[in-house]
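Residue-level structural notes
For reference, the chains in residue letters:
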Amino acid sequence: MKKGMVVCPQPEAAEAGIEILRAGGNAADAAVACAFAQTVVDPLMCGIAGFGTAAVYMPSRQAHEYIDFHATAPARATADMWADKLEGEARDGFGFFIRDRLNDIGYQSIATPGTLRGLEAIHRDYGRLPWQEVIAPAIRWARDGYFVRPGMYSFWIDEATMGRASNRERLAFSEDGRRLYCREDGSPKTIGTPLRNPDFADTLEQIAREGADAFYLHDIADRIARDMEAHGALLGREDLAGYKVERSAPLSGTYRDRRITTNRPPGGGVMLIEMLNILEQFDLAAIGHNEPEYLRVVCEAMKHATRDKDMHVGDPAFVDVPLQRLMDKGYAREAAERIRAGEKVDITRVNPGHAVPRDTTHLSVVDGDGNCVSLTHSLAMPSGVITPGLGFLYNGCMGVFDPRPGRAGSIAPGKRRFTSSCPTIVFRGDDPEIVLGAPGGTQIAMGVLQAILNVVDFGMTMQEAVSAPRFSSTSNAIDVCNRIPRYLTRQLEAQGYEVVRNPYNYTIAWVHAIRMADGRLQGGADPGRDGVALETVVA
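Only a predicted model underlies this, so the values are computations on that prediction, with no experimental measurement involved.

**Re the packing of aromatic side chains**
For the structure on display, the rule yields 10 aromatic pairs. Between the aromatic rings of phenylalanine 392 and tyrosine 394, the centroid separation amounts to 5.2 Å while the plane-to-plane angle is 65°, which identifies the pairing as edge-to-face. Accessibility expressed as a relative area gives 3% for phenylalanine 392, which makes it buried. We note arginine 259 situated over the ring of phenylalanine 427; from NZ or CZ to the ring centre the distance is 4.3 Å. Lying over the aromatic face of tyrosine 506, arginine 483 brings its terminal NZ or CZ to 3.9 Å of the ring centre.

**Some remarks on the sheet that holds strand 20 (residues 520-525)**
Taken in spatial order, the six strands make up an open sheet running 9-10-14-15-19-20, and their pairing is antiparallel. Because the sheet does not close on itself, it has two edges, and the strands there are strand 9 (251-255) and strand 20. The sheet shows a mean angle of 20° between the axes of neighbouring strands, taken without regard to direction. The pairing of strand 19 (residues 512-517) with strand 20 spans six bridges and is classified as antiparallel. Residue pairing across strands places methionine 516 opposite leucine 521, the latter belonging to strand 20. The strands touched by helix 12 (residues 269-279) are strand 9, strand 10 (258-262) and strand 14 (424-428); relative to strand 9, the strand with the most contacts, the crossing angle is about 20°. Across the sheet, helix 17 (residues 444-456) is in contact with strand 9, strand 10, strand 14, strand 15 (431-437) and strand 19; its angle to strand 15 comes to roughly 140°.

**Remarks on the UniProt feature "binding site: L-glutamate" (unreviewed entry) in the protein**
Taken from the UniProt record, the annotation "binding site: L-glutamate" (unreviewed entry) applies to Thr419, Ser420 and Gly441. Separation in sequence by 23 residues is not matched in space for these annotated residues, since their most distant C-alpha atoms are only 7.6 Å apart. Position of threonine 419 among the secondary structure elements: in the loop between strand 13 (372-378) and strand 14. For threonine 419, a relative accessible area of 5% corresponds to the buried category. Excluding residues that lie within four positions of it along the chain, threonine 419 makes contacts with Phe51, His70, Pro266, Gly267 and Gly268.

**A word on the side chain of serine 473**
Residue placement: serine 473 occurs in the loop between strand 16 (471-472) and strand 17 (477-480). Of note is the side chain of serine 473, whose polar atom sits 3.1 Å from the backbone oxygen of serine 475. Polar contacts involving the side chain of serine 473 include one to the main-chain carbonyl oxygen of alanine 477, which spans 2.8 Å. In contact with serine 473, other than residues within four places in its own chain, are Cys299, Met302, Lys303, Thr306 and Ile478.

**Some thoughts on the state of the cysteines**
By the definition in use, this model includes zero disulfides. Counting only cysteine sulfurs, cysteine 46 is the nearest neighbor of cysteine 182, a cysteine outside any disulfide, at a range of 18 Å. On the basis of relative accessibility, which here comes to 7%, the residue cysteine 182 falls in the buried class. Not engaged in a disulfide, the cysteine cysteine 299 finds its nearest cysteine sulfur in cysteine 481; these two sulfurs lie 12 Å apart.

**Concerning helix 12**
Counting buried residues in helix 12 gives 11 out of 11 residues, a clear majority hidden from the surface. Here helix 12 has its buried residues at Gly269, Val270, Met271, Leu272, Ile273, Glu274, Met275, Leu276, Asn277, Ile278 and Leu279.

**Things to note about the sheet that holds strand 18 (residues 498-501)**
Taken in spatial order, the three strands of this open sheet run 16-17-18, and their pairing is mixed. Pairing within the sheet leaves two strands with one partner each, and these edge strands are strand 16 and strand 18.

**Looking at the pairing of strand 14**
Counting buried positions along strand 14 gives four out of five residues, so the element sits mostly inside the fold. Relative to strand 14, strand 10 runs antiparallel, the two sharing four bridges. Counted as the bridge partner of arginine 258 is arginine 428 from strand 14. Summarising the sheet, strand 14 and strand 15 pair through five bridges and their orientation is antiparallel. Note that in strand 15 the partner of arginine 428 across the bridge is aspartate 431. Between strand 14 and strand 15, which pair antiparallel and follow one another directly, the connecting turn spans two residues, one of which, glycine 429, has a positive phi of 70°.

**Observations regarding the pattern of salt bridges**
The tally for this structure, following the rule as stated, stands at 34 salt bridges. When the shortest N-O distance is used, the salt bridge between lysine 2 and aspartate 369 registers 2.8 Å. Of this pair, lysine 2 sits in the segment before strand 1 (3-8) while aspartate 369 sits in the loop between strand 12 (361-366) and strand 13, and the two are 367 residues apart along the sequence. Across the salt bridge formed by aspartate 457 and arginine 256, the nearest N and O atoms sit 2.7 Å from each other. Of this pair, aspartate 457 sits in the loop between helix 17 and helix 18 (462-467) while arginine 256 sits in the loop between strand 9 and strand 10, placing them 201 residues apart in sequence. A residue is classified by how much of its surface remains accessible, and aspartate 457, at 15% relative accessible area, is buried. Through salt bridges with shared partners, one network takes in Glu65, Arg117, Glu120, Arg124, Asp125, Asp213 and Arg247.

**Examining helix 8 (residues 198-210)**
End to end, helix 8 covers 18 Å across 13 residues, agreeing with the expected 18 Å (1.5 Å per residue, within 8%). Of all the residues in helix 8, the buried ones are Phe200, Ala201, Thr203, Leu204, Gln206, Ile207 and Ala208. On its buried side, helix 8 packs onto helix 2 (27-41), helix 3 (115-126), helix 4 (131-144), helix 9 (213-216) and helix 10 (219-230). At the exit of helix 8 stands glycine 211, carrying a positive phi of roughly 85°.

**Notes on the packing of helix 12 against helix 14 (residues 292-312)**
Across the interface, helix 12 lies against helix 14 with an axial gap of 9 Å and an inter-helix angle of 140°. Relative to helix 14, the element helix 12 lies oblique. As helix 12 packs across helix 14, the resulting crossing turns out to be right-handed. Residues Met271, Glu274, Met275, Ile278 and Leu279 of helix 12 lie in contact with helix 14, whose contacting residues are Val297, Val298, Ala301, Met302, His304, Ala305, Thr306, Asp308 and Lys309. Classifying every residue of the contact of helix 12 with helix 14 by side-chain character gives nine nonpolar, two polar and three charged.

Reading guide: rules and limits
- Residues numbered from 1 in each chain as written.
- Predicted model: local features only at pLDDT ≥ 70, side-chain atom pairs only at ≥ 80, totals over all residues.
- Heavy atoms only, no water.
- Phe/Tyr/Trp six-rings, centres within 6.5 Å; stacked < 30°, edge-to-face > 60°.
- Buried < 20%, exposed > 50% of the residue type's maximum accessible area, 1.4 Å probe, protein only.
- Lys NZ or Arg CZ within 6 Å of the ring centre and 35° of its normal.
- Pairing = 2+ DSSP bridges.
- Helix = DSSP H or I, 4+ residues; strand = E, 2+ residues; numbered from the N terminus.
- Axes fitted to C-alpha atoms, helices over the stretch in contact; angles between N-to-C directions.
- Contact = heavy atoms within 4.5 Å.
- UniProt positions renumbered as here; feature names shortened; annotations may be inferred.
- Polar contact = N/O pair within 3.5 Å; in protein donor to acceptor, adjacent residues only side chain to side chain.
- Disulfide = S-S within 2.5 Å.
- Salt bridge = Lys/Arg side-chain N within 4 Å of Asp/Glu carboxyl O.
- Expected span 1.5 Å × (residues − 1).
- Parallel < 35°, antiparallel > 145°, perpendicular 65-115°, else oblique.
- Left-handed = near helix turned anticlockwise from the far one by under 90°.
- Nonpolar A, V, L, I, M, F, W, Y, C, P; charged D, E, K, R; others polar.

Rendered as structure tokens:
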């Protein structure tokens, strides 16, 4: 009996994916259907005007590749346009604060969207059901409605931090946003409130009929361009018309007896492999899961990878990324020796302010033939902009570009900004064992890392692995979730570490994964979101 599985943070979207598997679709069809549904039922996390990266493993087609649909800086962007406005940097490295918040909220924060072209490419090359059929569940959710879930609401009411716009502001920025998502007093609609988005249903129906060209070349593109021009946006008609997805072979590494395949820069896969290479030098099981020494060792590996990312990792079309060195086992051994000696990596930030990266979403799909898709997509920090009548929010991707010229993450027309997103497939022998990824801003790679360690080094099931308490270090501080006891973190503080305790029990990326073990599928849906792991029998 063949079975398929969909795991993601939104029950409605998982239902959409399962519906498509039951209708005879494969993993690519289900992933695209799930992703479209996510753009409806989690509108601040992702959207058709967002960006993303996807792993596609299709043994039935002898294919294993990444389809990257990162947002690009528009043609009107220049390297120094905000250089004199820099006020600070997020402590965890998730973006920069500039005067007047131009890169954070509103029309100038919008980069060229890639999500719709990415979903089109996945379906065109790997799907087998008609395009209209895989979009149909999302249209129904938009037309018939859904409701505000707890995970959505907790994100919507996030307050502003260190000059960054609050999510309340983003929801209420446009007239359509206030109408769709806010109450009379301008505050977000509360848990259980029904939501319908007929404008977005109409937009999706047009895309179902006409394809992605409607958005990038034709009628919808015209409406977008007029709105952008009227409000002084960087994004223009030519940016939409010229957008193309990037395709590449996976970035591959090894960890103990597993092979790790993940995405290339400007994605976060190189960080994941570098951290695994360093940690392979330690007997983590002997140290003990989440013991103070374990936290120290893993966090220093995270800091090594973060420092290298800050210095070297960007869009390879613009930056010479030293992949061979960053992924070298010898380089990792040198880092491990420094960690053993008690050295601390220093990560410098400009006037660092606190940030809580909680955006983005993810889905993992496996079908009955062993085809796998791991897809992470996002709006970054959403711009708050909704073109009247279209029903969707635009990305705010310009907020992560470095406003200082001459750096790996600096602004340039057509350049893709760094993202920690790293949809990953772990192989044991010749067969895939784990399909995983996560939302969570800069901490995505850190959550994916810990889920892999939990399975490989500590023998956890997939649900146990994504549920275990997590921590992260993408600065000189160590961030921990509230389920890591203080009697453990006090030992780190005694060694001179600053420990920042997150009030949430489940936090620091939200991993959603599928493990194939002993002929069965194990789903892992992170308890920190509203997600589910749904399994179905397929023909």
